[in-house]
Amino acid sequence: MTVVVETTQIFKDNLFKGKVLFCSGGGSGICRSMTEAMVNHGAKAVIFSRSKDKLEKAAREMCLKTGGEVFAIAGDVRNPADIERAIKVTIEKYGQLDFLINGAAGNFLSSFNDLSYNAFRTVIEIDLLGTFNLTKAAVEHLKKSKGAIINVSATLHYTGTPFQQHAGAAKAAIDALTKHWAVELGPHGVRVNGIAPGPIASTVGMEKLGPAFDTKGVPLQRMGEVQDIAQSTVFLFSEGASYITGVVLVVDGKHLIKIKHTHTPIHISY
Ligand code: HXC
């Protein structure tokens, strides 16, 4: 699904001029909007995910729309060799790396009964190991630039959302990495924060999971939009957040996760 982001300029235009962003999952959904917001504020961006054609199309569209520079590198976050090659190409092309977004994720709704060994492992590998792999490959460059990381997680594990144990477990561990890395990388000048989006309209996640989520009754009276995550990204990467690290910023309108129990045939008994 293509998400077209209408970026409102809350922050100054050239905030990230001369900076370089690498974003996994940047070809679609929330991560595309995060990337586009950074490019709108002057950063050059590399987007990385599996589907080469989709990724290159997204990069072309973002370049046209922003007048900035977005470069696509195809690969799988589960494969350290792909990741190391992508970081090497980024450094060869731009000479530096300032910001990293760990956003690549895989998901589907599945009950415990239906979730195979391989299905659980697949989501853990994409979300959690993908986050570790990319950061491992990028960290020395981030230390050099005194850069910053944003790990994208979710709110699924706060309540223990049904049909989401695979993604929830991965995202909980990603939140843990955010805190561990903030402590370990802080002395090197690298800030590490997380963003935990609630249900965000018109995204791959909501297309897949939305039918089961009850999004009525959000206290802020609306669904989240990709723009909400994009603006949070710009803030967390900006100097305005220079004393903020190890924080997971929840961007969910205080959505209270509810699952429609009409989402049959899966039956949950408590
Ligand atoms: C049960 C399923 C399944 C489903 C796949 N599997 N889909 N099990 N229900 N709907 C099982 C398969 O049967 C297989 O197990 C195993 O998972 C691996 O499947 P593959 O298709 O071989 O894996 P792969 O090609 O790597 O694809 C990974 C994927 C895919 C996660 C299944 O959907 C994907 O890559 N999606 C990327 C985009 C995406 O999902 N983005 C949304 C993120 S949303 P067996 O045992 O048969 O071998 C998000 C937001 C959360 O993170 C917050 C929302 C509020």
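Quick notes on the rules
- Residues numbered from 1 in each chain as written.
- Predicted model: local features only at pLDDT ≥ 70, side-chain atom pairs only at ≥ 80, totals over all residues.
- Heavy atoms only, no water.
- Phe/Tyr/Trp six-rings, centres within 6.5 Å; stacked < 30°, edge-to-face > 60°.
- Helix = DSSP H or I, 4+ residues; strand = E, 2+ residues; numbered from the N terminus.
- Lys NZ or Arg CZ within 6 Å of the ring centre and 35° of its normal.
- Expected span 1.5 Å × (residues − 1).
- Buried < 20%, exposed > 50% of the residue type's maximum accessible area, 1.4 Å probe, protein only.
- Arc of directions from axis to C-beta.
- Core = buried A, V, L, I, M, F, W, Y, C linked by side-chain atoms within 4.5 Å.
- Contact = heavy atoms within 4.5 Å.
- Pairing = 2+ DSSP bridges.
- Axes fitted to C-alpha atoms, helices over the stretch in contact; angles between N-to-C directions.
- Parallel < 35°, antiparallel > 145°, perpendicular 65-115°, else oblique.
- Left-handed = near helix turned anticlockwise from the far one by under 90°.
- Nonpolar A, V, L, I, M, F, W, Y, C, P; charged D, E, K, R; others polar.
- Salt bridge = Lys/Arg side-chain N within 4 Å of Asp/Glu carboxyl O.

Asks: Sorry if this is basic, but what is going on with the packing of aromatic side chains here?
Replies: For the structure on display, the rule yields 3 aromatic pairs. Between the aromatic rings of F22 and F48, the centroid separation amounts to 5.8 Å while the plane-to-plane angle is 35°, which identifies the pairing as tilted. You can see F22 sitting in strand 1 (residues 20–24) and its partner F48 sitting in strand 2 (residues 44–49), a full 26 residues away along the chain. By way of ring pairs, the aromatic residues F16, F99 and F237 are connected into one cluster. The ring of F71 has K93 lying over it, and the distance from NZ or CZ to the ring centre is 4.6 Å.

Asks: What is the right way to look at helix 2 (residues 52–66) in this model?
Replies: Residues spaced three or four apart along an α-helix face the same direction, because each turn holds 3.6 residues. The end-to-end C-alpha distance of helix 2 is 21 Å, a good match for the 21 Å that 15 residues give at a rise of 1.5 Å each. Listed in full, the buried residues belonging to helix 2 are L55, A58, A59, M62 and T66. Projected onto a plane normal to the axis of helix 2, the buried residues spread over an arc of 100° and lie on a single side. When the buried face of helix 2 is taken as reference, the exposed residues oriented beyond 90 degrees from it are D53, R60 and L64. G67, located one to two residues past helix 2, shows a positive phi value of around 75°.

Asks: Quick question: what am I supposed to make of the nonpolar core here?
Replies: Across soluble globular proteins, nonpolar side chains show a tendency to be buried alongside one another. Judged by nonpolar contacts, the single largest core of 33 residues is most densely connected at L21, M34, M38, I47 and F237. Those elements that place two or more of their residues in this core are strand 1, helix 1 (29–40), strand 2, helix 2, strand 3 (70–74), strand 4 (99–102), strand 5 (148–152) and helix 8 (226–237). Discounting chain neighbours no more than four positions away, the residues touching M34 are I101, I150, V152, I195, I229, A230 and T233. Listed in part, the 30 residues of the second largest apolar core include L142, A170, I174 and A182.

Asks: Mind showing me how you'd approach the pairing of strand 6 (residues 191–197) here?
Replies: Within strand 6, 7 of the 7 residues are buried, which leaves it mostly tucked inside the rest of the structure. The two faces of strand 6 match: R191, N193, I195 and P197 on one face and V192, G194 and A196 on the other face are all buried. Here strand 5 runs beside strand 6; their pairing, made up of 5 bridges, is parallel. Paired with I150 across the bridge in strand 6 is N193.

Asks: Quick question: what am I supposed to make of the packing of helix 1 against helix 8 here?
Replies: Working note: a packed helix pair is described by the angle between its axes plus the distance between those axes. Running from amino to carboxyl end, helix 1 crosses helix 8 at an angle of 50°, the nearest separation of the two axes being 8 Å. The angle between the axes of helix 1 and helix 8 places the two elements in the oblique class. Taken as a pair, helix 1 and helix 8 cross one another with a handedness that is right-handed. Along its contact with helix 1, which presents G29, I30, S33, M34, A37 and M38, the element helix 8 presents V226, I229, A230, T233, V234 and F237. Among the residues forming the contact of helix 1 with helix 8, the class breakdown is 9 nonpolar, 3 polar and no charged.

Asks: Looking at this structure, how should I read the pattern of salt bridges?
Replies: Close approach of charged atoms lets side chains of opposite charge pair. Under the criterion given, the structure shown has 10 salt bridges. Salt-bridge contacts for R78 lead to D76; the nearest nitrogen and oxygen are separated by 3.1 Å. Close ionic contact of E92 with K88 constitutes a salt bridge, the shortest N to O distance being 3.1 Å. Taken as a pair, E92 and K88 lie in helix 3 (residues 80–94) at a separation of 4 residues, close to a single helical turn. Of the two residues, E92 and K88, both sit in the exposed class.

Asks: Teacher, can you tell me more about unusual backbone geometry here?
Replies: Excluding glycine, residues mostly have negative phi values, and the peptide bonds linking residues are mostly trans. Positive phi outside glycine occurs at Q221, with the angle close to 70°. Classification of Q221 as exposed rests on a relative accessible area of 70%. We note that K254 has phi near 60°; this positive angle belongs to a residue other than glycine. With respect to the helices, strands and loops of the structure, K254 is situated in the segment after strand 7 (248–251).

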